[in-house]
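# Breakdown of the fold
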Amino acid sequence: MNELSSRYNPKETEEKWLKVWKDRNIFHATPNPAKKPFTIVIPPPNVTGILHMGHALNNTLQDILIRYKRMNGFETLWMPGTDHAGIATQNVVEKQLTKEGKRRQDLGRDAFLKKLWAWKQEYGNTIIHQLEKLGSSCDWSRTRFTMDDDYSEAVKEAFIHLYQKGLVYQGRYIINWCPRCQTALSDEEAEHQEKNGKLYYIRYLFKNNPKESVIVATTRPETMLGDTAVAVNPKDPRYSKFIGQALILPLLNREIKIIADDFVSTEFGTGAVKVTPAHDPNDFAMGQRHKLEMINIMHADARINEHGGQYNGLDRFEVRKRVVADLEAQGFLVKIEDHKHAVGHCYRCDTVVEPYLSKQWFVKMKPLVKPALEAVKNGTITIKPERWEKVYINWMEEIRDWCISRQIWWGHRIPVWYDKEDNIFVAKSEEEAQAQAHAKYGKPVDLRQEEDVLDTWFSSWLWPFATLGWPKENADLKYFYPTNVLMTASEILFFWVARMIMAGYEFKGKVPFTEVFIHGTVRDAKGRKMSKSLGNAIDPLEIIEEYGADALRFSLIINSGQDIFISKEKFEIGRNFANKIWNASRLVFLNCQQGLEEGFETLELAKLDLPSRWILGAFYQALSKTSSAIEFFRYSEAENSMQDFFWGDFCDWYLELIKGKFGDVNVQKTALFVLKNSLKLMHPFIPFVTEETYSRLNAGDKCLSVAPWPVLQKELMDKEAFNQMQTIIDVISTIRNIRTQWNVKPNDSVDVILSPDNVSVERLLKENQADMQRLGRVRILTIDPKIQAVKDAASALVGSLKVFIPLGGLVDLAAEKKRMVQEIVQKQKSIGALQSRLANEAFVSQAPQDVIAKEKERLATLQKETSELNKVLSNLA
RNA sequence: GGGCAAGUAGCUCAGUUUGGUUAGAGCAAUUGAUUUACAUUCAAUAGGUCGUAGGUUCAAGUCCUACCUUGCCCACCA
């Protein structure tokens, strides 16, 4: 073992174990009737993705859980894979094309898709390799992609199923349109940002009486080109007499009517609203109610079209400026006010989305919601932390239909074919569609497939079962479904989690998972989201390179409460801890060869010395704390308690205590035993360094990754020994404190003289003199009545339990006296408070007995200490 | 506009579910240690009217009410 370096080398170790795990295929899961299954599906990262801190956190949390369950004897499956991420991926390849001066339309659909697949082939596994590097114990042999052939079958199956049930429909609606991506966006994909805009007041003259007018207010004046009415509230006295009258639309001089609609608020603006059914969702609804003409004034790229008269061909924002200028020039603009409002932006390219009238495919959500809502309400699925359940329920209750068609090419093309008369044939393939058409017309007809593809989430919502083989009902699906836990960030609760639950019920008749754990967002030290554009992102790969994956994982988890604020220095904590484990193991190996050879799996408590009995108790306490924290999703707590034990108890105390006792083979065995079990305890959090050291303990070839979790051995927990050792630790700590305070030179010993009423402690300390001497530089003396006064003095300094006297004139008596006076004053205050409390009848009658007893005890202690202090003070004087 | 969360040491956070001893940790600061498993180490010190104001209670960081500040989510008010 001498060849082991004193500095842990994460890079070498991590590479080694990644290879071993892979070669031995130990994370592979197969249905095993002898074991219980435990399944997690990964939130599939985008194929375009590169590992960021959010992934690192998400996957570390999942890995801790799955490793813990694996060690606890479950047949664990962690299903990995990637998402094709429609718009995002298409954008990447389109950007490449732009550099070559081409557009996707120049290539055509097939050639463009070929390019996309080539891109996927080359870069699509980047994120998977990065997740591997993190130590994620996924079953990599099962890695899925949402556009695999099997997966496409599942998507088609789902679409056809919903269509046949009447839950998929096609309609002309106002949707969110991104003029840059030139596709529809779902409501969730249109991010609303609060913007300082303007509110423009425009005068519309009456046709029959140009001296009279109605003033309307709008934030988007260019849309007036598509106005087909002005609406007022039917109960509004200002306008009721005008209902049905005609106005002249300025600039275009079209005639429009005044209509009455309850939607209009009398409070806002002037109480009169211009109605543009083709460019505003509310106006669209009004347009339908009143059968208004819908005039689409825009091209798909947001240039104004021929309906915009003189503005034909200009961009929407240019037209806004010109319309306002022209209105003003012609005297129609009344005023402009500042106005704050939320404007939708494309979540991919941040372009302002345009409400746009077009033909799209939708999923009817109301029927799907019912069981999914019920499942969370009745606890079939629990979401943690609990507050997210409310958010979920709230959203589900107000759900609207889901626009699932996208006007892009990368994705699952909608399995719909049209004939010349636009009749619809929904089928898995062109052949099937042809067959349907043939059956209908009795002869082959020309069919063309729907151009649009499905929303990416329409494939993702099938993830928990489509990855297991659905729609085929195979052994995997039977054994591993439903999955157990889903871990994700809050951002995709609606996009993904809610829809998966709906899909689980609709397609499988069962929940997709029983527990959802929502973790925080990783932010920088100032609380901002980490993003490339802000330049504040810390690259996890850089951290892995510099400090190791263990360090990255450890530091992320220890900082994970709610949102995680992180800066680069925080990763030193993890690096240091890995190094600590490494060096502690070195010490043990160097000194415990005999124990290693003789074996240390079973220990006989009776043969062990006090520190050894103590450390066993401490270990099992840490074991139960850590285990239960993992079960309750309290990962930072789990990590904390295991670190506290290993570093604070095992390294700082136990290893120090036994340094002089390695001659005792039972000490060696205990050290080995506790080290080995600690490695198991720590393994889910920091798999690499633990695996490496464990392999040196175990000559055999079994990996720690598949070793059994330590079993709580109550017979090895000696409570009395634990308490005794704790006392000794207290004494030594106090002595150390005194040494610092009184500035005792390192080579000087401090004598401890025990008070006569503390016989058991005296014996304890004497029995452990060697340890006391080594760790605290202490000599234990017998009591000499002649120095009773001095004994009293020192006793008071450190409380009632022990007595300490520093050698020869090291105490600054004046300072000590002053300190003692202060202490007495403080103690008397507490005594006063306690006495009045105990004199309070209400307290005595109502408080629980144990509380009262404790208070009494505390009072007694305080009184005793105070009297001792007083005695000392008078002695010193 | 509606909802949710947070506010505790200079900084980052535990603790609040179920009220009960003297409110804990890590980092930073200060003082010291090291014939060495580890300076990626060890010990000690100092630092807090628990956002503000009320209330309930024998007892409040913890429960209730209002307010202040910050962050997040949802929402079609032109």
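Description of the structure in this document.

Each value, and the rule that gives it
- Residue numbers run consecutively from 1 along every chain, following the written order of its sequence.
- Chains carry letters and ligands carry numbers; both start at the beginning, A for chains and 1 for ligands, and go up in the order they are written.
- A pLDDT threshold of at least 70 governs which residues receive local features in this predicted model, and a stricter bar of 80 or more applies before side-chain atom pairs are shown or counted, although totals over entire chains, interfaces and linings include all residues.
- To get the side-chain values, all heavy atoms of the structure are used, and hydrogens and water are removed first.
- Note: two strands are recorded as paired if DSSP finds a minimum of 2 bridges between them.
- Numbering of helices and strands runs from the N terminus; a helix is a DSSP stretch of H or I covering at least four residues, while a strand is a stretch of E covering at least two.
- We call two residues contacting when some pair of their heavy atoms lies within 4.5 Å.
- For every element, the axis is a line fit to its C-alpha atoms; helices are fit only across the contacting stretch, and the angle between N-to-C directions ranges from 0 to 180 degrees.
- Points on a 1 Å grid, built from protein atoms alone, make a cavity when a 1.4 Å probe fits but cannot get out and make a pocket when they are open with protein on both sides within 12 Å along at least 5 of 7 lines; residues with an atom within 4 Å of a point are the lining residues.
- Grid points are joined across faces, edges and corners, and a volume is the space filled by probe spheres set on the points.
- The classification of residues rests on relative accessible area computed with a 1.4 Å probe and restricted to protein chains. Under 20% of the type maximum is buried, over 50% is exposed, and intermediate values are partly exposed.
- Counting of polar contacts relies on pairs of N or O atoms within 3.5 Å, with two restrictions inside protein: one atom must be capable of donating a hydrogen and the other of accepting it, and residues adjacent in sequence are counted only when both atoms are side-chain atoms.

### Considering the sheet that holds strand β5 (residues 168-178)
Strand order in this open sheet of 4 strands is β6-β5-β14-β16, and the pairing throughout is antiparallel. Two strands close off the open sheet at either side, each with one partner strand: β6 (183-185) and β16 (402-403). The sheet contact formed by β5 and β6 spans 3 bridges and is antiparallel. Along β6, the bridge assignment pairs Cys 178 with Thr 183. Sitting on the sheet, helix α8 (residues 281-289) is in contact with β5 and β14 (354-363), with an inclination near 140° to β5.

### Examining empty space enclosed by the protein
Enumeration according to the criterion identifies 1 cavity of 30 Å³ or more in this entry. In this structure, the largest cavity occupies an estimated 30 Å³ of space. Lining the largest cavity are Ile 87, Gln 90, Asn 91, Glu 94, Arg 104, Cys 181 and Ile 408. Ranked by residue count, the leading element in the lining of the largest cavity is helix α3 (residues 86-99), at 4 residues.

### Side note on the sheet that holds strand β19 (residues 424-426)
What the 3 strands build is an open sheet, ordered β19-β18-β20; its pairing is antiparallel. Edge strands, defined here as strands with exactly one partner in the open sheet, are β19 and β20 (448-449). As paired elements, strand β18 (residues 416-418) and β20 share 2 bridges and run antiparallel to each other. Within the sheet, the bridge partner assigned to Tyr 418 lies in β20 and is Arg 448. In the packing of helix α12 (residues 430-441) onto the sheet, contacts are made with β18 and β19, and the angle to β19 comes to roughly 130°.

### Quick notes on the environment of Arg 238
Locating Arg 238 in the fold gives a position in the loop between β9 (229-232) and β10 (246-248). What makes Arg 238 partly exposed here is its relative accessible area of 41%. In the structure, Arg 238 is positioned 62 residues away from Asn 176 in sequence and 34 Å away in space, judged by C-alpha atoms. The residues contacting Arg 238, other than those within four sequence positions of it, are Thr 266, Thr 270 and Gly 271. Separated by 2.9 Å, the side chains of Arg 238 and Asp 236 make a polar contact. A polar side-chain atom of Arg 238 sits 3.3 Å from the main-chain carbonyl oxygen of Thr 270.

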